[in-house]
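Chains, contacts and geometry: an overview
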Amino acid sequence: MERNLFKYVWMYSRKEQISILFLVLASLPFYFLSLNVPKSIINTGIQGDGFDGPGSTQPFFTIELPGSEWLFGEAIILFDGFMFEQQGMLLALSFLFLVLVLINGLFKRDINTRKGRTGERMLRRMRYQLADRILRFPLLHMRRVKQSEMATMIKDEVEPLGGFIGDAFVQPAYLGGQAITAMVFIMVQSIWLGSIAAAIVLVQAFIIPKLRRRILVLGRERQLTARALAGRIGELVDGSTEIQAHDTSNLERADMSERLGKIYYIRYEIFRRKFSVKFLNNLLAQLTPFVFYAGGGLLAIYGHLDIGALVAVIAAYKDLPGPIKELIDWDQQRADVQIKYDQVIEQFQPATILDPELQDIENDPGGPLEGEIVITAVSLLDDNDFKLLDGVTFSIGVGEHVAVVGPSGSGKEQIAYLLSGLVHPTSGSVRISGRDVEALPSAVSGRRITYIGQDCYHFATSVCENLLYGLKHRPMTESHYEGEAKARRSVEIAEAMLSGNPNFDLTADWVDYAAAGATGPDDITARLIEMLCLVELEEDVYRFGLTGTIDPEENPEAAAAILKARKMLVDRLEDEGAGDLVVRFHDGEYNAHATLVENLLFGTPTRRSLRSENLADNVLFHRVLDNLDLTDDLIKMGVSIARTMVEIFADLPPGHPFFEQFSFISDDDLPEFRTLLQRYDTSGPQVLSEDEQKRLLTLPFNYVEARHRMGLIDKAMEERLLAARRNFREMLESEAPGAVEFYHADEYNAAADLQDNILFGRVAYGKAQASEIIGRAITEMLDSMGLRDTVIQIGLDYEVGVGGKRLSSVQRQKLGLARALLKRPDLLVVDEAVAVMDGATQQRLLQKIIEHRPDSGIVWTLQRPSLASKFQKIVVMQGGRAVEYGTFDNLKTTDSALNKLMAAE
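Below you will find a few notes about this structure. (Residues numbered from 1 in each chain as written. Predicted model: local features only at pLDDT ≥ 70, side-chain atom pairs only at ≥ 80, totals over all residues. Heavy atoms only, no water.)

What to know about the overall build of the chain
On a plain count of helices and strands, the chain comes out with 34 helices and 20 strands. The contacts of the chain with a sequence gap of at least 6 include a subset with a gap of at least 24, amounting to 76%. (Helix = DSSP H or I, 4+ residues; strand = E, 2+ residues; numbered from the N terminus. Contact = heavy atoms within 4.5 Å.)

Here it is in structure tokens:
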């Protein structure tokens with residue numbers, strides 16, 4: 001990237017800058033006229049210069065040929081103007097002043113709007129270029145950068161650049177033009193006053209920037225410390241497990257306090273210096289009016305300057321400090337943003353970076369990879385020039401199954417990186433089918449070759465989107481737009497091009513179905529499920545599906561099948577004599593195995609305000625309780641629960657399983673409730689604040705009589721709660737329709753998950769292995785109905801969380817394997833991707849994948865050398881060198897390095 005900010009701006013916004021500069025030049029004559037008109041208003045319109053007496057007139061708006069008097073010796077009048085008496089002249093000049101103010105305002109509006117648009121386009125371009133460079137960072141460099149710092153630079157640190165880019169050339173021209181125009185006007189009126197004003201302005205322009213240099217240095221320090229703070233906060237998030245596991249939270253607090261203190265002192269010094277400079281600047285700015293009032297007044301008294309000219313000079317100077325001050329501010333901003341720009345560019349220009357042509361969307365993957373993979377005298381150095389690989393040489397067939405084994409730090413991980421094109425050798429070469437891997441475009445290395453490592457990353461979207469991610473290389477089917485959407489899309493494309501962004505359509509279908517062996521969206525799901533089965537992840541996704549939801553209007557067949565399964569489950573349990581394992585919902589009955597809130601709502605809330613944790617703040621809910629005199633009773637119930645919890649847990653250590661079993665009060669909140677109960681017992685409920693009453697009111701919401709058995713809900717209370725259910729339902733249907741999806745025995749509940757729709761009730765507490773029996777029955781029943789794939793398909797919509805954190809480490813690795821296998825690459829590079837799994841699972845998955853790819857290449861770095869027996873060839877790495885190469889039988893029968901590794905396993 002261009003290191004000089006002004007060259008960068010001029011390179012990409014030359015046309016826009018020139019067009020705005022023309023507007024600036026066009027605005028200056030009107031600005032000069034607006035300074036001169038007040039003089040004419042006072043001298044001619046008010047004092048009556050040129051009017052001999054009552055009834056006399058003067059011309060207004062006379063137009064003469066420019067330069068005619070100089071060329072021809074006399075002025076050539078093109079338009080005689082309008083004749084006005086003094087009163088009319090005053091009004092005409094005043095309206096002329098108003099028109100000039102309007103014209104100047106319109107010029108300023110248009111100039112600022114164009115500047116803003118240019119700045120935003122350039123900011124968009126710069127952010128895109130920086131993000132694009134991240135996508136081209138070498139893998140070894142990516143390991144040195146902190147994601148939070150990169151994000152901070154692209155999001156925050158370049159933000160001031162966007163505001164400056166529009167001003168880079170226009171602001172000095174615009175403000176300088178106004179300042180020069182005002183100064184020329186003052187000089188025309190009085191050379192003495194103009195000289196004084198010019199002298200003070202020059203002093204300002206010389207002294208103020210010098211005083212601000214230290215502020216710029218401090219600003220740079222502030223930026224660096226703020227960036228480091230962002231990186232440290234990112235480390236706190238990523239290392240939260242280690243921090244809590246080693247009790248180092250106070251160390252981190254000390255570190256955070258130290259960093260924040262450093263930023264505080266830097267910012268305080270900036271403020272102190274900035275306002276001192278501002279004080280001096282304002283003092284110099286106000287010194288000139290003092291001279292004008294005193295000196296100009298004396299000149300007017302002695303007749304060397306008329307009153308109108310003096311007023312015009314003062315009015316002109318009133319506008320002068322603004323542009324001068326803004327020019328000085330612009331110069332400071334220029335230096336400041338150049339520093340910011342240098343710092344950002346420095347971080348985004350590593351020693352090596354991928355050629356953008358290698359990632360061009362038009363690159364074609366070509367035909368399948370064939371022939372041999374030849375590694376010749378490859379060495380690889382890290383950032384500290386430490387040799388990770390040293391003269392590695394061997395060759396394998398593209399279609400062979402090869403195991404790479406070795407101890408930790410042997411270089412096997414780097415071999416996987418080299419073969420997949422993620423890392424380039426420092427010396428030597430890696431060639432596939434006669435082509436240097438380093439020169440392969442991403443269309444080949446990213447589609448014909450697939451790498452999966454030890455810690456698969458997944459994006460914060462669904463299981464399905466993460467599976468399909470490896471198939472999205474370019475838009476395969478463009479989206480079709482009509483009407484306003486088509487016009488809006490055209491504007492978006494034009495803006496993207498003007499900002500140097502690609503005009504790719506994100507809403508298009510990017511999935512390369514053919515690469516996955518599918519013909520389109522209709523049969524891709526079958527391929528996804530096939531891959532999930534291959535890596536043994538289908539049971540997990542099936543469970544995700546049971547906790548997922550469907551829209552019965554969009555998928556009526558599935559909803560109808562779930563309703564059928566609901567009835568079949570009842571029949572099956574009855575036939576097996578286990579009908580009492582599920583207590584179903586009935587409109588006129590209280591379900592003792594459901595929570596109090598579930599009984600009150602008798603449905604699934606679709607709004608957050610009606611969830612149990614927020615219900616105490618809901619106005620409609622309080623109206624229902626008040627109408628039936630239930631508020632005080634529920635608060636008393638909360639008091640009873642709190643009292644019981646305090647008594648039970650008084651002598652139990654924090655984290656005791658009883659806390660989770662009763663789930664009313666956490667061990668952290670227990671002291672607060674103990675204090676609250678003491679106040680309640682001493683002074684009664686009237687001393688409790690509104691928030692304290694709500695806390696007590698919330699406690700019974702999750703109370704389940706059959707589970708907690710505290711005897712708080714008898715038959716009389718059940719009837720009152722059922723009455724509240726009916727009252728609440730009527731109120732919701734009239735005042736908040738759709739806020740709750742109510743239970744109906746013969747209808748699908750769109751807000752509830754699949755499992756709840758099938759159960760239509762709650763599993764009975766106190767029944768041995770009830771949950772296991774019910775779960776097995778639901779699974780067998782759905783399988784018999786042919787709904788297993790439907791449930792898995794719903795499970796594909798499960799959100800995996802940031803980085804896949806909602807999945808276990810084993811699930812993440814299996815999902816990564818499925819994503820890699822779905823692409824059907826010619827060469828699959830697996831770098832200890834199954835090491836987190838147990839031994840039996842490792843063997844099964846390895847065998848399945850080998851059988852799934854009998855004629856396609858696999859290079860697998862193994863944690864367990866004994867698994868190498870399943871591969872056609874074996875490479876043994878030690879100390880960054882390939883010490884052995886051959887078949888398992890050949891290496892096993894000798895006193896080999898492989899034998900030693902297997903013996904140490």
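Don't stop here, the text continues.
Digging into the sheet that holds strand E17 (residues 827–831)
Here we have six strands laid out as an open sheet, ordered E10-E17-E18-E7-E19-E20, and mixed in their pairing. Two strands close off the open sheet at either side, each with one partner strand: strand E10 (449–452) and strand E20 (881–886). Adjacent strand axes in the sheet meet at a mean angle of 15° when their direction is disregarded. Where helix H31 (residues 809–822) meets the sheet, it contacts E10 and E17, and its direction lies at approximately 180° from that of E10. (Pairing = 2+ DSSP bridges. Axes fitted to C-alpha atoms, helices over the stretch in contact; angles between N-to-C directions.)

Focus: the sheet that holds strand E9 (residues 435–436)
Across the sheet, four strands lie side by side as E6-E5-E8-E9; this open sheet has antiparallel pairing. If you trace the sheet from one side to the other, it starts and ends with strand E6 (387–397) and E9, each paired once. Relative to E9, strand E8 (residues 427–432) runs antiparallel, the two sharing two bridges. In the strand pairing of E9, arginine 431 is matched with aspartate 436. On the sheet, helix H13 (residues 412–420) packs against strand E5 (372–381), E6 and E8 and is oriented at approximately 60° with respect to E6.

Focus: the packing of aromatic side chains
Summed over the entire model, instances satisfying the criterion amount to 20 aromatic pairs. Here tyrosine 8 and tyrosine 341 contribute two aromatic rings whose centre-to-centre distance is 5.7 Å and whose plane-to-plane angle is 45°, an arrangement assigned as tilted. With tyrosine 8 in helix H1 (residues 5–46) and tyrosine 341 in helix H12 (residues 321–347), this residue pair connects regions lying 333 residues apart in the sequence. Here tyrosine 8 falls in the buried class, since its relative accessible area comes to 1%. Their ring planes at 25° and their centres at 6.2 Å tell us that phenylalanine 394 and tyrosine 885 sit as a pair that is stacked. In this pair, phenylalanine 394 sits in strand E6 while tyrosine 885 sits in strand E20, placing the two residues 491 residues apart along the sequence. Counting every residue linked through ring pairs, the aromatic cluster contains Phe585, Phe602, Tyr743 and Phe760. Its guanidinium or amino end placed over the ring of phenylalanine 742, arginine 729 lies 4.4 Å from that ring's centre, counting from NZ or CZ. The ring of tyrosine 542 carries the charged tip of arginine 788 above its face, separated from the ring centre by 4.6 Å. (Phe/Tyr/Trp six-rings, centres within 6.5 Å; stacked < 30°, edge-to-face > 60°. Buried < 20%, exposed > 50% of the residue type's maximum accessible area, 1.4 Å probe, protein only. Lys NZ or Arg CZ within 6 Å of the ring centre and 35° of its normal.)

A look at the packing of H31 against helix H32 (residues 839–852)
It is the contact of H31 with H32, at a shortest axis distance of 13 Å, that shows an interaxial angle of 5°. Regarding the angle of H31 to H32, the classification is roughly parallel. Here Lys814, Leu817 and Leu821 of H31 come into contact with H32, specifically with Thr841, Leu845, Ile849 and His852. Among the residues forming the contact of H31 with H32, the class breakdown is four nonpolar, two polar and one charged. (Parallel < 35°, antiparallel > 145°, perpendicular 65-115°, else oblique. Nonpolar A, V, L, I, M, F, W, Y, C, P; charged D, E, K, R; others polar.)

Regarding a negative patch on the surface
On the surface, a cluster of negative charge is contributed by Asp355, Glu357, Asp360 and Glu362. A residue is classified by how much of its surface remains accessible, and glutamate 357, at 59% relative accessible area, is exposed. (Patch = residues over 30% accessible without salt bridge, like charges linked within 9 Å, V, L, I, M, F, W, Y side chains within 5 Å. Areas by Shrake-Rupley, 256 points an atom, 1.4 Å probe, with all protein chains shown as cover. Salt bridge = Lys/Arg side-chain N within 4 Å of Asp/Glu carboxyl O. Lys, Arg positive; Asp, Glu negative; His and termini not counted. Charge placed at Lys NZ, Arg CZ, Asp CG, Glu CD.)

So, the nonpolar core
Val463, Leu782, Trp860, Leu862 and Ile874 are the most contacted members of the largest nonpolar core, which totals 83 residues. Here the element with the most residues in this core is helix H19 (residues 556–575); it accounts for seven residues. With residues near it in sequence (within four places) discarded, valine 463 still touches Val541, Phe544, Gly795, Leu796, Tyr798, Val800 and Leu815. (Core = buried A, V, L, I, M, F, W, Y, C linked by side-chain atoms within 4.5 Å.)

Details of H31
Spanning 14 residues, H31 covers 20 Å between terminal C-alpha atoms, matching the ideal 20 Å at 1.5 Å per step. The buried count for H31 comes to twelve of 14 residues, which makes it a mostly enclosed element. Every buried residue of H31 is accounted for by Gln811, Arg812, Gln813, Lys814, Leu815, Gly816, Leu817, Ala818, Arg819, Ala820, Leu821 and Leu822. In the core, the buried residues of H31 are packed alongside E10, helix H15 (463–468), helix H17 (521–534), helix H18 (538–546), E17 and H32. Looking at the residues trailing H31, positive phi occurs at arginine 824, about 55°. (Expected span 1.5 Å × (residues − 1).)

Side note on a nonpolar patch on the surface
A surface patch of nonpolar side chains, amounting to about 720 Å² of accessible area, comprises Phe61, Ile63, Leu65, Phe72, Ile76, Leu78, Phe79 and Phe82. Relative to the helices and strands, isoleucine 63 is located in strand E2 (residues 63–64).

So, the pairing of E6
Two elements, E5 and E6, share seven bridges in a ladder whose sense is antiparallel. Counted as the bridge partner of valine 378 is valine 392 from E6. As consecutive antiparallel partners, E5 and E6 are separated by five residues, and within that stretch aspartate 385 has a phi angle of approximately 60°, a positive value.

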